[in-house]
Amino acid sequence: MLPDAVMQKAQQEMLDWNGTGMSVMEMSHRGPEYTSIAEKAEADLRELMGISDDYAVLFLQGGASLQFPMIPMNLLRGKKTADYFNTGAWSTKAIAEARQFCKVNIVTDSTANHFTTIAGPEQWSLSNDAAYVHYTPNETIHGLEFADIPDVGDVPLIADLSSTILSRPIDVSKFGMIYAGAQKNIGPAGLCIVIIRKDLLGEVLPGTPTMLNYKTHADNGSMFNTPATYSWYLAGLVFDWLKQQGGLEAMATLNQRKAAKLYAAIDGSDFYANPVDIRYRSWMNVPFTLADDKLDKQFLQQAAEQHLLTLKGHRDLGGMRASIYNAMPEEGVDALINFMNEFERKNG
Ligand code: PMP
């Protein structure tokens, strides 16, 4: 979901932004109008997340998936090994891509437990010569989320925050780089945000194309090429909305409450189940199964009749998945729980 207020504002401004007679879609990305939109979005994101001047904030294209190869290309910086946590489908994809460029050391691997839990630090194997450590704080498909930021000492820590960015405050200073595809908590697809410590920029693998060098984008205000202007503008409207909601502390309180009541409903029933270790359950993505998967289709159909949409689980996992990102109001979660209770009463 995107917040209704954001889409209404975009609708109001669609044909004429701020009396300019232009739609944002029609603006030159180098003109003063668009520059003010872009700069405000970056300033608001910096304020929301507490991002210091030690970091560049980039508004890129190619999604989180393009960061998977860009990370080793930019951040190996003369080293041969990188450390990766494997806690789900997205870590697995990041690892496969990194293996094309370097030796990947797996810190811990949750494959054997079907990505339902994460081993504790005493079982991690961090290498002593890693260029960086990569992890996926929230695995979107499996609904598996780290409870804390892993302590990896002085090695730059890189986080794929795609599905949990802006869901709560986070100490950016603990990271070498954070990246996130926009299409969950930031705005519509087409944009990927990268927050990178400036001292890590500039030493790329030989042969790295200019467009895949983070420094190119840092040096050019993310306008080396034409950025995804409309997605960037909408992201800015979302940042504004988040500030009006009380910022990330307020989002954290709300998101924790939304998730807690949905998990309580699942755990309190013999009809629904979520397999994830309760210490590592996602606030944003709640996968669950029905006692009898032959009822899945019926569940989805009846849910859709009540405007409870996109509940179908990921194709790799089956079952259901509730995506309860920032823009999902608490009433949406309440409506889902009521529907689930009713469905269980009729079919359980
Ligand atoms: N990482 C995570 C955690 C994701 O959830 C996704 C998308 N669902 C991706 C990476 C890939 O993002 P994109 O489609 O923007 O490349």
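Residues numbered from 1 in each chain as written. Predicted model: local features only at pLDDT ≥ 70, side-chain atom pairs only at ≥ 80, totals over all residues.

Turning our eyes to something else, we now look at the site of the ligand. Around the ligand lies a shell formed by Gly63, Ala64, Ser65, Trp90, Thr136, Thr140, Asp160, Ser162, Ser163 and Gly181. Examining the composition of the shell around the ligand, we find that 3 residues originate from one element, helix H3 (residues 63-75), more than from any other. Split into classes, the residues belonging to the shell around the ligand amount to 2 nonpolar, 7 polar and 1 charged. (Near = placed C-beta within 6 Å. Helix = DSSP H or I, 4+ residues; strand = E, 2+ residues; numbered from the N terminus. Nonpolar A, V, L, I, M, F, W, Y, C, P; charged D, E, K, R; others polar.)

Turning our attention to the UniProt feature "binding site: pyridoxal 5'-phosphate" (unreviewed entry) in the protein chain. Per the UniProt entry, the sites bearing "binding site: pyridoxal 5'-phosphate" (unreviewed entry) are Ala64, Ser65, Trp90, Thr140, Asp160, Gln183, Asn225 and Thr226 in this numbering. A maximum C-alpha distance of 29.9 Å among these annotated residues, which run over 163 residues, shows that they spread across the structure rather than meeting at one spot. Within the secondary structure, Ser65 sits in helix H3. Owing to 15 C-beta atoms within 10 Å, Ser65 belongs among the partly exposed residues under this scheme. Topologically, Thr140 is positioned in the loop between strand E5 (138-139) and strand E6 (144-145). The contacts of Thr140, once residues within four sequence positions are left out, are Trp90, Ser162, Ser163 and Asn285. (UniProt positions renumbered as here; feature names shortened; annotations may be inferred. Buried ≥ 20, exposed ≤ 12 C-beta atoms within 10 Å, placed from the backbone. Contact = placed C-beta atoms within 7 Å.)

Moving on, we come to the nonpolar core. A general trend in soluble globular proteins is that nonpolar side chains are found buried together. Core analysis: the largest hydrophobic core is formed by 69 residues, its most contacted members being Ile193, Val194 and Ile196. Counting only domains with at least three residues in this core, you end up with domain 1 (4-244) and domain 2 (247-347). Not counting chain neighbours up to four residues away, the residues in contact with Ile196 comprise Tyr55, Ala56, Leu58, Met177, Leu201 and Tyr214. Core analysis: the next-biggest nonpolar cluster, separate from the first, contains 20 residues, Ala265, Tyr272, Met284 and Met340 among them. (Core = buried A, V, L, I, M, F, W, Y, C linked by C-beta atoms within 7 Å. Domains from an automatic or database assignment.)

On to the UniProt feature "binding site: L-glutamate" (unreviewed entry) in the protein chain, then. Feature annotation in UniProt assigns "binding site: L-glutamate" (unreviewed entry) to the following positions: Arg30. Positionally, Arg30 belongs in the loop between helix H1 (4-13) and helix H2 (32-49).

Below, the discussion takes up the domain arrangement of the protein chain. Here the protein chain is described as being made up of domain 1 (4-244) and domain 2 (247-347). Computed over C-alpha atoms, the centres of domain 1 and domain 2 are 27 Å apart.

Okay, the packing of helix H7 (residues 247-267) against helix H9 (residues 330-347) next. Packing of H7 against H9 brings their axes to within 10 Å, and their N-to-C directions diverge by 0 degrees. Taken as axis vectors, H7 and H9 run roughly parallel relative to one another. Across from Leu254, Arg257, Lys258, Lys261, Leu262 and Ala265 in H7, the residues of H9 making contact are Glu330, Val333, Leu336, Ile337 and Met340. (Axes fitted to C-alpha atoms, helices over the stretch in contact; angles between N-to-C directions. Parallel < 35°, antiparallel > 145°, perpendicular 65-115°, else oblique.)

Here we come to the confidence of the model for the protein chain. For the protein chain, per-residue confidence averages 97 on the pLDDT scale, and 100% of positions sit at 70 or higher. At the level of chain-chain contacts, confidence expressed as ipTM amounts to 0.99, with global pTM at 0.98. (pLDDT = per-residue confidence, 0-100.)

Before going further, it helps to examine the sheet that holds strand E12 (residues 320-323). Sheet strands pair via backbone hydrogen bonds, and the direction of the pair is either parallel or antiparallel. In space, the 3 strands of this open sheet follow the order E10-E11-E12, with antiparallel pairing throughout. Lying at the two open borders of the sheet, with one neighbouring strand each, are strand E10 (272-273) and E12. Note: strand E11 (residues 285-290) against E12, 4 bridges, orientation antiparallel. Counterpart to Val286 in the pairing with E12 is Ala322. (Pairing = 2+ DSSP bridges.)

Below, the discussion takes up the environment of Pro188. By secondary structure assignment, the location of Pro188 is in the loop between strand E8 (177-181) and strand E9 (192-197). Between the alpha carbons of Pro188 and Met223 there is a distance of 19 Å; along the sequence they are 35 residues apart. Among residues more than four places away in sequence, those in contact with Pro188 are Ala182, Gln183, Ser231 and Leu234.

Within helix H4 (residues 89-98), burial applies to Trp90, Ser91, Ala94 and Ala98. Each buried residue of H4 lies within a common arc of 100 degrees when the element is viewed along its axis, so the set occupies one face. Those residues of H4 hidden inside the fold are in contact with H3, strand E2 (81-86), strand E3 (103-109), strand E4 (130-135), E5 and strand E7 (157-160). (Arc of directions from axis to C-beta.)

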